[in-house]
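# An overview of the molecular structure
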Amino acid sequence: MRPESNKIIEEILHYINRFAGADSLSSETDEAFNELALQLFRFQFQWNQPFKKYCQARRKSPLTVTKWQDIPPLPFQAFKELTLSCEPVEEAQAVFMTSGSTNPEKKGRHYHPTFRVWDASMAMPFHRYVMPDQEKMTIYVISPAEDVNQNSSLARYLSMAVQRYGREDSAFFFHKESGLDMEDLATRLKNCQMRDEPLLLMGATFSYVHFLDYCREHNLRFQLPKGSRIFDTGGLKGQSREVTAEELYGGFQEFFHVKRELCINMYGMTELCSQMYDRTIETYLSQGKPVFDKIGPAWIRTQILNSDTLEPLPDGETGIIAHYDLANWNSSLAILTEDIGYKTQHGFVLLGRAKGSESRGCSIAIDQMMQANSKVDERI
Amino acid sequence: MKQTEDEKRAICLYHVPTGIHLESFCERRVDTPHGQYRLQQPQLTEERLKEICQQVLAQRENYLAQLSTDEIVRKIDAAVQLWLDPQYELRQIAEQVLPVITGYNPEMIRLELKKLMRTFRKKELLRFLDEEFDQAGVLDGFRPRKSGGMSRAFGPHLIFHIFSGNVPGLPIWSLIMGLLLKSANVGKSSSSEPLMAALFCQTLAEVDTMLANALAVLPWKGGTLEFEDAVMDQAEAVIVYGSNETVERVRERARSHTQVLSYGHKVSFAMIGREALSTDRFYDTVHRFAEDVSVYDQQSCLSPQSVFVEEGGALSAQQFAQMLGAELQRYQEKRPRAKLTDAESLAIRTVRNQYEFASMNDQQVAVYASKTGTEWTVIYHAQPGFEASPLNRTVHVYACQTVEEGIQHVKRYREYLQSAGLAVGPERLLQIAARLGEAGVNRITAIGQMTRAQAGWHHDGRFNLLDLVRWTDIEGSAENLAELYDPDVE
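Residues numbered from 1 in each chain as written. Chains lettered and ligands numbered in written order. Predicted model: local features only at pLDDT ≥ 70, side-chain atom pairs only at ≥ 80, totals over all residues. Heavy atoms only, no water.

Attention now goes to the overall build of chain B. Scanning chain B from N- to C-terminus turns up 17 helices and 18 strands. At 25 Å, chain B has a C-alpha radius of gyration in line with the 23 Å of a compact globule built from 490 residues. Counting every position in chain B, which comprises 490 residues, the buried fraction comes to 57%. Across chain B, the fraction of contacts at a sequence separation of at least 24, relative to all contacts at a separation of at least 6, is 74%. Only carbon and sulfur atoms are counted for the fraction: they give 48% of the accessible area of chain B, which is about 20,200 Å². Side chains of chain B give 53 positive and 65 negative charges; the mean places of these two sets differ by 5 Å. (Helix = DSSP H or I, 4+ residues; strand = E, 2+ residues; numbered from the N terminus. Rg over C-alpha atoms; globule rule 2.2 N^0.38 Å. Buried < 20%, exposed > 50% of the residue type's maximum accessible area, 1.4 Å probe, protein only. Contact = heavy atoms within 4.5 Å. Areas by Shrake-Rupley, 256 points an atom, 1.4 Å probe, with all protein chains shown as cover. Lys, Arg positive; Asp, Glu negative; His and termini not counted. Charge placed at Lys NZ, Arg CZ, Asp CG, Glu CD.)

Structural data, given as structure tokens:
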């Protein structure tokens, strides 16, 4: 790695350690955040050519940008079309890919020359927002972990969680060949009921939907130990079946006996190196009353932008979400998502993905055209 | 005095025959530069809808069916004449309220509404009738056939219209078709433009209450099945505008003998020959095409989403794309585009991003776009292809050596093709039109006129009235036999 990379990594790690106890809303970190963000912007502008081009097309450069809010957020689609890396990609330790659900040919790629920052960014917030009252927990993982998929940031995240915060009896239930072993999971959950120690279930949101279906089908109910909690990520949108959040949390209560206050949704992206969390568990355990809004660590800032002009919006107004993540040192620290949400005094609320925009008119929608196109291809 | 002013400010987003009593309403207030209006819409029940259907059916039988086509045309014309007067109260209301509820630019609405209304004048309606029937008299009585015998055409007793809201005023066209066929009509208006159909019915009521009593226009939430079914049960024909899902749903639920005509989602495009890009012509060409892209923010299925531009003119295809951008900017300053939803803006941003990133490694594409927001976007492709756009003034420009190259790219979307705007010389027009027709295009028009279909056009390639009527024939034998029973026969 080039010396400049090592230097910026040290700076970021220093920041992470220094503000480990703060969060993305802490105003005492504002100045340090701005300073490091601008430093990182200079670094990325110098070494990441496509990012530089993107900024130049918007007349933004280290000369014109004086506060982090002015750094143009790079649309997440860029990870599909461009090679975004300050370090040579051949030397990357790993590359995380997006699922490519819309177009399997075009997967977003995020290159990681080292995991030093990624790991530091993951660990502390996980502990703080998921299990502030525990040092270690028994963790059952129901989605693919690192042994199944080497190119998934979520897989690595789940493996890390178990490695750092899992007790020895933690287990992975998703296997490479056979998928989620529901029978085994059900047996182990049944055995758990006798114990005193709480359990942490972790997995993608839709894995739960499938397992709840299984429980319904086999008439299974579990009385998980007191303090047990459920962690999900990914959300419910974009799946073949419509399930509402109410149905899901209702299912957690009914089938696992885990109440809403101990359920937590993690919001992460392949294109980022940090994660954000529901504040439910953190606030419920400390104040007895849960806050459902989302928050992140002190090295991330979330902006809500007007979807048309990309200008920042005041608290409470709904717009498109952009994240400024200092842990994203090798690609772009500023990422523009396709998620819709609004800010609150406690963090932000994610409303979901703005997809499948319905045209008002009788003009055919792009999606339908693509379907028609693939239909023709099949015929040929 | 105060109360009358207050009454003036209340607008009914519905029309029902006299004698129908609606009890409860919900109200929506809209603020316009000319003050606040209260838009009233009734809360419906299945029973009430059934009652309304019966009422319009009865009114049709007792009155509308007895009128001659000429009389009906005259009455419609009288209503249209009212709308052609800039001082007409309902027109002024429409011009004030439509921009607020649709988001379209007020000036654009004023112009387009006027142009639309002109296509419903008496001479246009007569032309339209003649276009479809050899002699429109077949709607009034039996007329002799060339092959012997006589025939008469009957419209459906009740037509159920399900409108879409993309282009203000289009529902009027559908209602007029129904009246020309002497059918009772029930229209379900769209929540994105619930105004014009109701206002036009109110005008018809001013002209002839009895006529308007054969019509009802009602707003309700799209996909409310019990309401849809209540009307569909009594309708002989359903005309549905909208997405393919809506159309499918209606087809599935319609009774087997109900006639369903549907106007689903379509895509249109343009072709510009090098002869339209000569030094003295190119500006006019760019200007016309920018107008096609801008009118009603591309929400009409007649609006172009892509254009094939032939190289070899005074302007290269890429220069055309750049100039088009400048022209769209001028249009934006004159008539700004509607404010978009987050999803609509993001759809534009996604396409822009995709091609901007592609252009970083590839000179084959370029993106020209409005600076601050998503007001307009031109995506230039150095090779021909075909793509739908996320609309709202977003357009693909494809360079080609001859515009004919574009045909092979569009023909794979055959079932979706609608209009093609052409700017080519006379010697090429018929030849290109023939190939486009073969590919599935059903309307060839001038660029600059793409969003304005002519009266009597074959909407989506079919007849309008002819597809709805049922024929009764008197065969020559019956005619001859009848002669036999003439008491005075030799």
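Our focus in this paragraph is the interface of chain A and chain B. Taken together, the contact between chain A and chain B spans 38 residues of the former and 48 residues of the latter. Interface of chain A and chain B: buried area, both sides summed, is about 3,600 Å²; carbon and sulfur atoms make up 54% of it. Counting across the interface, chain A meets chain B through two salt bridges. Here Glu356 of chain B ties to Arg58 of chain A by a salt bridge, and the two come within 2.6 Å at their closest N and O atoms. In this assembly, chain A and chain B are joined by nine residue pairs in polar contact (both at pLDDT 80 or more). Where the side of chain A that touches chain B is concerned, the elements lending two or more residues are helix H3 (49-57), strand E1 (74-75), helix H4 (78-81), strand E14 (319-325), strand E15 (334-344) and helix H11 (366-379) of chain A. If one sorts the elements of the side of chain A that touches chain B by residue count, H11 of chain A sits on top with nine residues. Taken together, the residues of the side of chain A that touches chain B sort by class into 18 nonpolar, eleven polar and nine charged. (Buried area = accessible area lost by both parts, 1.4 Å probe. Salt bridge = Lys/Arg side-chain N within 4 Å of Asp/Glu carboxyl O. Polar contact = N/O pair within 3.5 Å; in protein donor to acceptor, adjacent residues only side chain to side chain. Nonpolar A, V, L, I, M, F, W, Y, C, P; charged D, E, K, R; others polar.)

Let us now look at the packing of aromatic side chains. Applying the stated rule across the entire model yields 40 aromatic pairs over all chains. Summarising the aromatic geometry, the rings of Phe126 of chain A and Tyr157 of chain A are spaced 6.0 Å apart at their centres and angled 75° between planes, so their arrangement reads as edge-to-face. You can see Phe126 of chain A sitting in helix H5 (residues 116-130) and its partner Tyr157 of chain A sitting in helix H6 (residues 153-165), a full 31 residues away along the chain. With a relative accessible area of 1%, Tyr157 of chain A lands in the buried category. Here Phe308 of chain B and Phe386 of chain B contribute two aromatic rings whose centre-to-centre distance is 6.3 Å and whose plane-to-plane angle is 20°, an arrangement assigned as stacked. (Phe/Tyr/Trp six-rings, centres within 6.5 Å; stacked < 30°, edge-to-face > 60°.)

To continue, consider helix H12 (residues 282-294) of chain B. Residues and elements named next belong to chain B. Compared with an ideal rise of 1.5 Å per residue, which puts 13 residues at 18 Å, H12 spans 18 Å between its outermost C-alpha atoms and is within 8% of the ideal. Turning to H12, its buried residues are Thr285, Val286, Phe289, Ala290, Glu291, Asp292, Val293 and Ser294. Backbone geometry just after H12 places Tyr296 at a positive phi near 50°. (Expected span 1.5 Å × (residues − 1).)

Moving on, we get to helix H4 (residues 89-102) of chain B. Residue and element names in this part refer to chain B. With 14 residues, H4 should cover 20 Å at 1.5 Å per step; its first-to-last C-alpha distance of 20 Å lies within 8% of that length. Taking the largest bend as the criterion, H4 deviates by roughly 25°, centred on Gln96, and proline Pro99 comes between one and four positions later. The element H4 is largely enclosed, with a buried count of eleven among its 14 residues. Of all the positions in H4, only Leu90, Arg91, Ile93, Ala94, Glu95, Gln96, Val97, Leu98, Pro99, Ile101 and Thr102 are classed as buried. Next to the buried residues of H4 lie strand E1 (10-12), strand E2 (25-32), strand E3 (35-42), helix H3 (69-83), helix H5 (106-118) and helix H8 (196-207). Gly103 sits one or two positions beyond H4 and adopts a positive phi of about 85°. (Bend = angle between axes of the 7 residues up to and from the residue.)

Turning to the environment of Ile162 of chain B, a few remarks are in order. All names here are of chain B. Inspection of the secondary structure puts Ile162 in strand E6 (residues 158-162). Look at Ile162 and you get buried, because its relative accessible area is 3%. If we skip the residues at most four places from it in the chain, Ile162 touches Lys188, Glu228, Val238, Ile239, Val240, Tyr241 and Val250.

Residues and elements named next belong to chain B. Spatially, the three strands line up as an open sheet ordered E4-E5-E18, and their pairing is antiparallel. At either end of the open sheet lies a strand with only one pairing partner, and these are strand E4 (143-144) and strand E18 (470-474). By the bridge criterion, five bridges tie strand E5 (residues 150-154) to E18 in an arrangement that is antiparallel. Counted as the bridge partner of Phe154 is Arg470 from E18. (Pairing = 2+ DSSP bridges.)

This part covers unusual backbone geometry. All names here are of chain B. The phi dihedral of Asp297 is positive, around 50°, even though this residue is not glycine. Along the chain, Asp297 turns up in the loop between H12 and strand E12 (304-310). If you check the backbone angles, Asn392 has positive phi at about 60° while not being a glycine. Here Asn392 is to be found in the loop between strand E14 (377-381) and strand E15 (394-400).

What follows concerns the nonpolar core. Phe126, Tyr157, Leu189, Leu201, Met202, Phe231 and Phe256 of chain A are the most contacted members of the largest nonpolar core, which has 118 residues in total. The element contributing the most residues to this core is helix H2 (residues 30-47) of chain A, with nine residues. With residues up to four places along the chain from it excluded, the contact list for Phe231 of chain A reads Phe126, Val130, Tyr157, Leu200, Leu201, Met202, Gly203, Tyr208, Ile264, Met266 and Tyr277 of chain A. In this structure, Ala79, Leu181, Cys201 and Ala212 of chain B belong to the second largest nonpolar core, which totals 71 residues. (Core = buried A, V, L, I, M, F, W, Y, C linked by side-chain atoms within 4.5 Å.)

All names here are of chain B. The strand order E8-E7-E6-E9-E10 describes an open sheet built from five strands, whose pairing is parallel. The outermost strands of the open sheet, each flanked by one partner alone, are strand E8 (215-219) and strand E10 (259-263). Taking the axes of each pair of neighbouring strands and ignoring which way they run, one obtains an average angle of 15° across the sheet. Of the pairings in the sheet, the one linking E6 to strand E9 (residues 237-241) comprises four bridges and is parallel in character. (Axes fitted to C-alpha atoms, helices over the stretch in contact; angles between N-to-C directions.)

Let us now look at the packing of H2 of chain A against H3 of chain A. Each packed pair of helices is defined by two parameters, the angle between the axes and the distance between the axes. Residue and element names in this part refer to chain A. Axis separation between H2 and H3 bottoms out at 6 Å; the angle between their running directions is 105°. By the angle between their axes, H2 is roughly perpendicular relative to H3. Contacts between H2 and H3 involve Phe41, Gln44, Phe45, Gln46 and Trp47 from the first element and Gln49, Phe51, Lys52, Cys55 and Gln56 from the second. (Parallel < 35°, antiparallel > 145°, perpendicular 65-115°, else oblique.)

Moving on to the packing of H3 of chain B against helix H6 (residues 122-132) of chain B. Residue and element names in this part refer to chain B. Two numbers describe how H3 lies on H6: the axes approach to 9 Å, and their chain directions differ by 145°. Here H3 runs over H6; the crossing is right-handed. Within the contact between the two elements, H3 uses Thr69, Asp70, Val73, Arg74, Ile76 and Asp77 and H6 uses Lys122, Leu125, Leu126 and Leu129. When the residues that make up the contact of H3 with H6 are grouped by side-chain class, the tally is five nonpolar, one polar and four charged. (Left-handed = near helix turned anticlockwise from the far one by under 90°.)

The next point concerns the confidence of the model for chain A. Residues and elements named next belong to chain A. Here chain A averages 90 in pLDDT, while 91% of its residues score no lower than 70. Within the model, the stretch residues 357-367 combines pLDDT values under 50 with 45 contacts to residues more than four positions away or in other chains. A low-confidence stretch, residues 372-380 stays under pLDDT 50, and its non-local contacts, those more than four residues away or across chains, total eight contacts. (pLDDT = per-residue confidence, 0-100.)

So, about a nonpolar patch on the surface. Side chains of Leu429, Leu430 and Ile444 of chain B sit close together on the surface and give an oily, nonpolar patch of about 270 Å² of accessible area. Here Leu430 of chain B falls in the exposed class, since its relative accessible area comes to 68%. (Patch = residues over 30% accessible without salt bridge, like charges linked within 9 Å, V, L, I, M, F, W, Y side chains within 5 Å.)

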